[in-house]
Amino acid sequence: MSTAVNETSAGKEPLIVSFCCNWCSYAGGDLAGTSRMSYPANVKVIRVPCSGRINPMFILRAFQRGADGVLVAGCHPGDCHYSTGNYHGRRRLSAFKRLVEFAGFEPERFEVRWISSSEGDKFAEEMTAMTNKIKALGPNRKMRDARWQKIT
Amino acid sequence: MPRTGVFLCHCGSNIAGTVNIDQTIEASRNFPGVVHVDEYRYLCSEMGQDIIKKAIEDNNLDRVVVGTCSPRMHENTFRKAAAEAGLNPYLLEVANIREHCSWVHKDMEEGTPKAIALLRAAAAKVALNEALEAPKLEVEKRALVIGGGIAGIQAALDIAEAGYPVDIVEREPSIGGRMAQLEKTFPTLDCSACILTPKMVEAAQHPNINLITYAEVEEVNGFVGQFDVKIKQKARYVDPVKCTGCGICWEKCPAKAPSEFEMGLAKRKSIYVPFAQAVPMVPVIDKETCLYFRKGRCQICEKECPPQAIDYEQQDEIIERRYGAIVVATGFDQMDPSIYGEYGYGQHPDILTGLEFERLFNASGPTGGKVVRLSDGKPPKKVVFIQCVGSRDKARGMNYCSKICCMFTAKQAILLKEKLPDAKSYVFYIDVRTAGKGYEEFQRRAAEEYDVAYLRGQVGKIFPEGDHLVVHGVDSLSGKVVDIKADMVVLSAASIARADAPELGRKIGINTDSYNFFNEAHPKLKPVETHTAGIFIAGACQTPKDIPDTVAQASAAAVKAVGLLSKEMLQGEACTAEVDEAECSGCLHCVAVCPYTAIDAKEIEERYGDGTLKRTVAEVNPALCQGCGSCSAICRSGSINQKGFSNEQILAEVDAICLQR
Amino acid sequence: MTASNEGSRLIDEMKAQSGQDPADCYQCAKCSAACPVTAAMDLLPHQVIRYLQMGLEEELSNSKTPWICASCFTCAARCPRDLDLARMMEGVRLTVLRKREGNKFGPADLTPEQLEKLPQQALVSGFRKYNK
């Protein structure tokens, strides 16, 4: 496995971790699949109940572990399954984005998108756009934790 | 170390087409904790499920990962299978290999490594899963209906007919609501009382319905299946058991006050029933105007009452009762059009609102059913109706269309022509909106057969001139200014939410829109549900609507309530939040973000040195928690964590996915 | 009569001048019913907005109504769509004037002394025009 790690850590293919809320965006991802749309395999989705569940710690951890981009996707404002979760998420994550920028990290590596369960096309488009953007930005060097590489 | 089994589904060629099964299976063997791997063509089939069940038993597996379609599709299927093999269903995780991998990537070069990463993440997460139990909630098999108008009556009757006891709480002394005030109903012109009164009586006599009139909801606590409600029964000063409704008391009572039921156009006595067909036929004493309560003398009603039902000592009472479901049907109000100075409402007795004008047609109304000018008692020759007074007006009124005005105006114009064949009606309108069965035909009949003049335009001012009211308006279609010497003017005042709707909403835990109407859970697919499970809405408290729509919605709300009450037990959410009391600092940020008021402060005692220390911590009610995780995200000390989606589990997934790098 | 609201200079200028969008109007004619000087108008106020919505520049330029409008603001006070009709009329007047008269003079025609005073004059006339 260690060879595989070294191979990709050379920065060939970027890794994008996407946190998707169960009710809208994850379902939108399902629809993208059912409609046989395609987007780059660089994106790996983690299912969470709500975009309001996202603790900035999750995002930081992804960057530390070498992810090149993180995309949080949730229900459109006003459509939250839990009625207010995405509002809290929106506030928290926009503040967080400014914080990482302040800390000297490229804020473009972190995005929040609203994707409904009927927007399979939007899901695929956003994932493709994010991947292209991250490819242009190059690998995440600033926040990657070198020790993590050694551990694995 | 967990003993995890990984099962990969081919889904025919749906997965196997773009994911190399053999490579993926081999890679899965190396995940930490994995002791068993297998693959099958269709895991969701009977055969496939049996493979999983047998492997659990044979290999003593305590964790399972299935790599299949989306968990939104078959998570339940596999969890059920795991449970049948004796494993707690929440110890199984699904990796979404089909929708999120094989279907969106074109070849194995892309698909296989991603499938491995997704399975690795699921295996990392499942290692931290705990056995969970969805809370079972009891259901109190009784419903509460707030509001005794046609919506409340219909909902209560439907629930009662399904076999469950219902209480109707009505603020006024009688049920009946707005519909009781109407003379006729569009578009068929049946008499409102003729179709409503039997329903009121049916509700009163139904063995499953309990009427609590002259009462208001004070407080609602609890949650779906177990709402604890405090109802304030206002003192009637009349014993409803003794009272026979003979009417002697209100006949003899010397004090008078404006009648709410007659929109202030007539007087009622201080001891009164609001209208002749009131249900229950038990009067109330209005303390504000009663001579005995004001001056300490009179007591005529007490002396005259044959069964001696008058009781001046009665006090307000609080009724406490538990309900499984609540239907809110509190209806609407009419906007006060006096803010429109140009119409002069309130300054001239012959300028009325639609609801006031309606009362003039009623045989027991303020004029005994004669349509006459309130100024001089003469029948009007020309009546001008003005539409959209306060509706569709974002500057001074409400931005929405009140929906019922076009139709009730056509109705009143027709009724007027039938009562007074010499009378002529004019209607100033912006648009005529008559969507509904038989509605357009009805409105056209008014214009074509009943000689009602429809003028597209608005009125700029109304001023008295001699005996008349001059209505100065514009017909926009001809571009002409129109002056009508009218005898009466009827304003279609906007239908608005009850002024205290937001307050009631706060009490029962449902929210209102920007116009103070109650919000439905989904504008299309959940029209009678609210965001609070177990509370439903019906009728014009949601948005202005006519009687057919109100009745339909009331029955819909009743079905939802009955569906809830018919359950033996309610299955709660298993992935609820949990507080680590040792860590919790009691900042209660979680209370603020919880959309379900599922979190409360709790005092705990701790050993501290030699003594004990009291401090506040958060406490989650698992019955209320819906598992959104907002509290876990906001908690500064990480002491509130969501089961099934814990911080550790999500971080483990992140780590596993990033191992690729 | 040509009706087109696409790319109408008159409407664009009127919008810029008044900050009001004729598209907000749903033609209830409340303005015309409220207006005290309709007797002298050839187009009723709501018709002026309708003409604006339809882009009937020529007809509007020839109408007396914008010049009859006394800017009493009754229409604005009554409008259920919160449109300020009096401002729209002023916008129409200004636009028509500019089109008809052209610019009386340009900056090149001014003497240096006049140019020196120009900013103050522009300020004062701006106050007059937009102070409400």
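As the structure is a prediction and not an experimental result, all values here were calculated from the model. (Residues numbered from 1 in each chain as written. Chains lettered and ligands numbered in written order. Predicted model: local features only at pLDDT ≥ 70, side-chain atom pairs only at ≥ 80, totals over all residues. Heavy atoms only, no water.)

J.: Please explain the overall build of chain A as it appears in this structure.
T.: A tally of regular secondary structure across chain A gives six helices and four strands. Overall, chain A shows an N-to-C arrangement of helices and strands of α-β-α-β-α-β-α-β-α-α. Burial analysis of chain A (152 residues in total) assigns 56% to the buried set. As presented, chain A carries roughly 6,400 Å² of accessible surface, and 53% of it is formed by carbon and sulfur atoms. (Helix = DSSP H or I, 4+ residues; strand = E, 2+ residues; numbered from the N terminus. Buried < 20%, exposed > 50% of the residue type's maximum accessible area, 1.4 Å probe, protein only. Areas by Shrake-Rupley, 256 points an atom, 1.4 Å probe, with all protein chains shown as cover.)

J.: What is the right way to read the interface of chain A and chain B from this model?
T.: By a frequent convention, interface size equals the accessible area lost on bringing the separate parts together. In this complex, chain A contributes 56 residues to the contact, which on the side of chain B involves 42 residues. In this assembly, chain A packs against chain B so that about 4,300 Å² is buried in total across both faces, 58% of it on carbon and sulfur atoms. Applying the counting rule to chain A against chain B returns four salt bridges. In this structure, the salt-bridge partner of A:Asp30 is B:Arg72, at a minimum N-O distance of 4.0 Å. Counting the contacts that link chain A with chain B gives 16 residue pairs in polar contact (both at pLDDT 80 or more). Here the side of chain A that touches chain B is built from residues that sort into 27 nonpolar, 18 polar and eleven charged. (Contact = heavy atoms within 4.5 Å. Buried area = accessible area lost by both parts, 1.4 Å probe. Salt bridge = Lys/Arg side-chain N within 4 Å of Asp/Glu carboxyl O. Polar contact = N/O pair within 3.5 Å; in protein donor to acceptor, adjacent residues only side chain to side chain. Nonpolar A, V, L, I, M, F, W, Y, C, P; charged D, E, K, R; others polar.)

J.: Can you walk me through helix H7 (residues 192-205) of chain B in this structure?
T.: In an α-helix, one full turn covers 3.6 residues, which means residues spaced three or four apart are oriented alike. Given a rise of 1.5 Å per residue, 14 residues ought to cover 20 Å, and the 20 Å separating the end C-alpha atoms of H7(B) matches this to within 8%. At its buried positions, H7(B) is contacted by helix H6 (150-161), strand E8 (184-185), strand E9 (190-191) and strand E10 (209-213) of chain B. (Expected span 1.5 Å × (residues − 1).)

J.: Got a minute to help me understand the environment of B:Glu288 in this structure?
T.: Looking at the element boundaries, B:Glu288 is found in the loop between strand E16 (284-285) and helix H9 (291-295). For the pair B:Glu288 and B:Val383, spaced 95 residues apart in sequence, the C-alpha to C-alpha distance is 37 Å.

J.: What is the right way to read the packing of aromatic side chains from this model?
T.: Given two aromatic rings, one states the distance between the centres and the angle between the planes to describe the pair. In the structure shown here, the tally under the stated rule is 18 aromatic pairs over all chains. Linked through ring pairs, B:Tyr237, B:Tyr292, B:Phe293 and B:Tyr312 together constitute an aromatic cluster. For the cation-ring pair, A:Arg36 lies above B:Trp103, with the distance from its terminal atom to the ring centre recorded as 3.8 Å. Its guanidinium or amino end placed over the ring of B:Tyr214, B:Lys234 lies 4.7 Å from that ring's centre, counting from NZ or CZ. (Phe/Tyr/Trp six-rings, centres within 6.5 Å; stacked < 30°, edge-to-face > 60°. Lys NZ or Arg CZ within 6 Å of the ring centre and 35° of its normal.)

J.: For this particular structure, what's the right way to read the sheet that holds strand E27 (residues 488-493) of chain B?
T.: Across a sheet, paired strands are connected by hydrogen bonds in the backbone, their directions being either parallel or antiparallel. All names here are of chain B. Ordered in space as E20-E27-E21-E22-E23, the five strands form an open sheet in which the pairing is parallel. Of all strands in the sheet, those bounded by a partner on one side alone are strand E20 (351-353) and strand E23 (453-456). On average, adjacent strands in this sheet sit at an angle of 20 degrees to one another, irrespective of strand direction. In terms of strand pairing, strand E21 (residues 382-389) meets strand E22 (residues 424-429) through five bridges, oriented parallel. Pairing of Val384 across the sheet is with Tyr426, part of E22. Strand contacts of helix H11 (residues 354-361): E20, E21 and E27, with the helix running at about 95 degrees to E20, the strand carrying the most contacts. Contacts between helix H12 (residues 405-419) and the sheet are confined to E21, E22, E23 and E27, with E21 contributing the most and set at about 175 degrees to the helix. (Pairing = 2+ DSSP bridges. Axes fitted to C-alpha atoms, helices over the stretch in contact; angles between N-to-C directions.)

J.: Which parts of the structure should I look at to understand the interface of chain C and chain B?
T.: Listed as interface residues are 18 residues of chain C and, on the opposing side, 21 residues of chain B. When the two sides are added together, the surface that chain C and chain B hide from each other amounts to roughly 1,600 Å², 50% of it contributed by carbon and sulfur. Considering only the side of chain C, the residues that lose the most area to chain B are C:Tyr26, C:Lys30 and C:Ala33, jointly responsible for 32% of the buried surface there. At the junction of chain C and chain B, the tally comes to two salt bridges. One salt bridge in this structure joins C:Arg78 and B:Glu342, with 3.4 Å as the shortest N-O distance. Our count for the chain C to chain B interface comes out at 13 residue pairs in polar contact (both at pLDDT 80 or more). The element that contributes the greatest number of residues to the side of chain C that touches chain B is helix H2 (residues 30-34) of chain C, accounting for four residues.

J.: Hey, could you run me through the pattern of salt bridges in this one?
T.: Pairing between side chains of opposite charge can happen when their charged atoms approach one another. If you walk through the whole model with that rule in mind, you get 50 salt bridges over all chains. Between B:Lys54 and B:Asp58 there is a salt bridge, with its nearest N and O atoms 2.9 Å apart. Taken together, the residues B:Lys54 and B:Asp58, both in helix H2 (residues 46-59) and four residues apart, mark about one turn of the helix. For B:Arg321, the salt bridge is made with B:Asp167, and the minimal N-O distance between the two is 2.7 Å. Within this pair, whereas B:Arg321 is found in strand E17 (residues 317-323), its partner B:Asp167 is found in strand E7 (residues 166-170), the two being separated by 154 residues in sequence. Bridged by salt links that share partners, the residues A:Arg47, B:Glu75, B:Arg79, B:Glu93 and B:Lys125 form one connected network.

J.: Help me understand the state of the cysteines in this model?
T.: Linking two cysteines covalently through their sulfur atoms gives a disulfide. Per the counting criterion, the structure on display carries two disulfides over all chains. Two residues share a disulfide in this structure: A:Cys24 and A:Cys75, whose sulfurs sit 2.4 Å from each other. Between A:Cys24 and A:Cys75, the S-S torsion sits near 100 degrees, and that sign places the bridge as right-handed. In this pair, A:Cys24 sits in the loop between strand E1 (16-21) and helix H2 (25-34) while A:Cys75 sits in the loop between strand E3 (69-74) and helix H4 (85-102), placing the two residues 51 residues apart along the sequence. Assigned by exposure class, A:Cys24 and A:Cys75 land together as buried. Residue B:Cys191 pairs covalently with B:Cys194 via a disulfide, S to S 2.2 Å. In this structure, the disulfide formed by B:Cys191 and B:Cys194 twists by about 95 degrees around the S-S bond and is classed as right-handed. No disulfide involves B:Cys635; its sulfur sits 6.2 Å from the nearest other cysteine sulfur, which is in B:Cys587. Residue B:Cys635 is classed as buried on the basis of its relative accessible area, which comes to 16%. (Disulfide = S-S within 2.5 Å.)

J.: Just checking my understanding: could you explain the sheet that holds strand E4 (residues 110-114) of chain A for this structure?
T.: Pairing within the open sheet is parallel, and its four strands lie in the order E2-E1-E3-E4 (chain A). The open sheet terminates on both sides in strands that have one partner only, identified here as strand E2 (43-48) and E4 of chain A. Across the sheet, the axes of successive neighbouring strands diverge by a mean angle of 20 degrees, strand direction being ignored. Relative to the sheet, helix H18 (residues 647-658) of chain B contacts E1 and E2 of chain A, its axis offset from that of E2(A) by approximately 170 degrees.

J.: I'm lost on the packing of H11(B) against H12(B) in this one. Help?
T.: Any two packed helices are characterised by the angle at which their axes cross and by the distance between the axes. Residues and elements named next belong to chain B. It is the contact of H11 with H12, at a shortest axis distance of 11 Å, that shows an interaxial angle of 30 degrees. It follows from the interaxial angle that H11 and H12 lie roughly parallel. Helix-helix and strand crossings are classified by hand; for H11 and H12 the assignment is left-handed. Here Gly354, Phe357, Glu358 and Phe361 of H11 come into contact with H12, specifically with Phe408, Lys411, Gln412, Leu415, Leu416 and Lys419. (Parallel < 35°, antiparallel > 145°, perpendicular 65-115°, else oblique. Left-handed = near helix turned anticlockwise from the far one by under 90°.)

J.: It is not clear to me how H4(A) should be interpreted in this structure. Could you clarify?
T.: End to end, H4(A) covers 26 Å across 18 residues, agreeing with the expected 26 Å (1.5 Å per residue, within 8%). If you check which residues of H4(A) are buried, you get A:Gly85, A:Asn86, A:Gly89, A:Arg92, A:Leu93, A:Phe96 and A:Val100. Along the axis of H4(A), the buried residues cluster in a sector spanning 125 degrees; they form a single face. Facing away from the buried side of H4(A) by over 90 degrees, the exposed positions are A:Arg91, A:Arg98 and A:Phe102. Where H4(A) is buried, its residues touch helix H3 (56-64), E3 and E4 of chain A together with helix H17 (630-634) of chain B. Positive backbone phi, at 95 degrees, marks A:Gly104, one or two positions downstream of H4(A). (Arc of directions from axis to C-beta.)

J.: Help me understand the environment of B:Arg445, please; the structure alone is not making it clear to me.
T.: All names here are of chain B. Mapped onto the fold, Arg445 is located in helix H13 (residues 439-449). Given a relative accessible area of 30%, Arg445 falls into the partly exposed group. In this structure the C-alpha to C-alpha distance between Arg445 and Ile414, which are 31 residues apart in sequence, comes to 8.5 Å.

J.: Explanation requested: the nonpolar core in the structure shown.
T.: As a rule of thumb, nonpolar side chains are buried together in soluble globular proteins. Residues and elements named next belong to chain B. Of all hydrophobic cores here, the largest spans 62 residues; its most connected members are Ile159, Val327, Ile599 and Ile640. Looking at this core, the elements that each hand over two or more residues are strand E6 (143-146), H6, E7, H7, strand E18 (325-328), helix H15 (547-565), strand E32 (599-608) and strand E33 (611-620). Ranked by the residues each element gives to this core, the list is headed by H6, at eight residues. Excluding anything up to four places from it in sequence, Ile159 contacts Ala143, Val145, Tyr164, Val166, Val327, Ala558, Ala561, Val562 and Leu565. (Core = buried A, V, L, I, M, F, W, Y, C linked by side-chain atoms within 4.5 Å.)

J.: Would you explain the confidence of the model for chain A in this entry?
T.: Low pLDDT marks stretches whose predicted atomic positions should not be read closely. Summing up the model confidence of chain A, the mean pLDDT is 88 and the portion of residues at 70 or higher is 89%. Confidence drops under pLDDT 50 across residues 1-10 of chain A; counting only partners more than four residues distant or on other chains, this segment forms eleven contacts. (pLDDT = per-residue confidence, 0-100.)

J.: Looking at this structure, I do not really get the pairing of E3(A). What am I missing?
T.: For a regular strand, the rule is simple: side chains alternate between the two faces of the sheet. Residue and element names in this part refer to chain A. Among the six residues of E3, six are classified as buried, and the element is accordingly described as predominantly covered. Side-chain alternation along E3 places Gly69, Leu71 and Ala73 on one buried face and Val70, Val72 and Gly74 on a second face that is also buried. Summarising the sheet, E3 and E4 pair through five bridges and their orientation is parallel. Following the sheet pairing, Gly74 is matched in E4 by Trp114. For the segment spanning E3, H4 and E4, crossover handedness is right-handed. (Right-handed = clockwise from strand over helix to strand, strands pointing away.)

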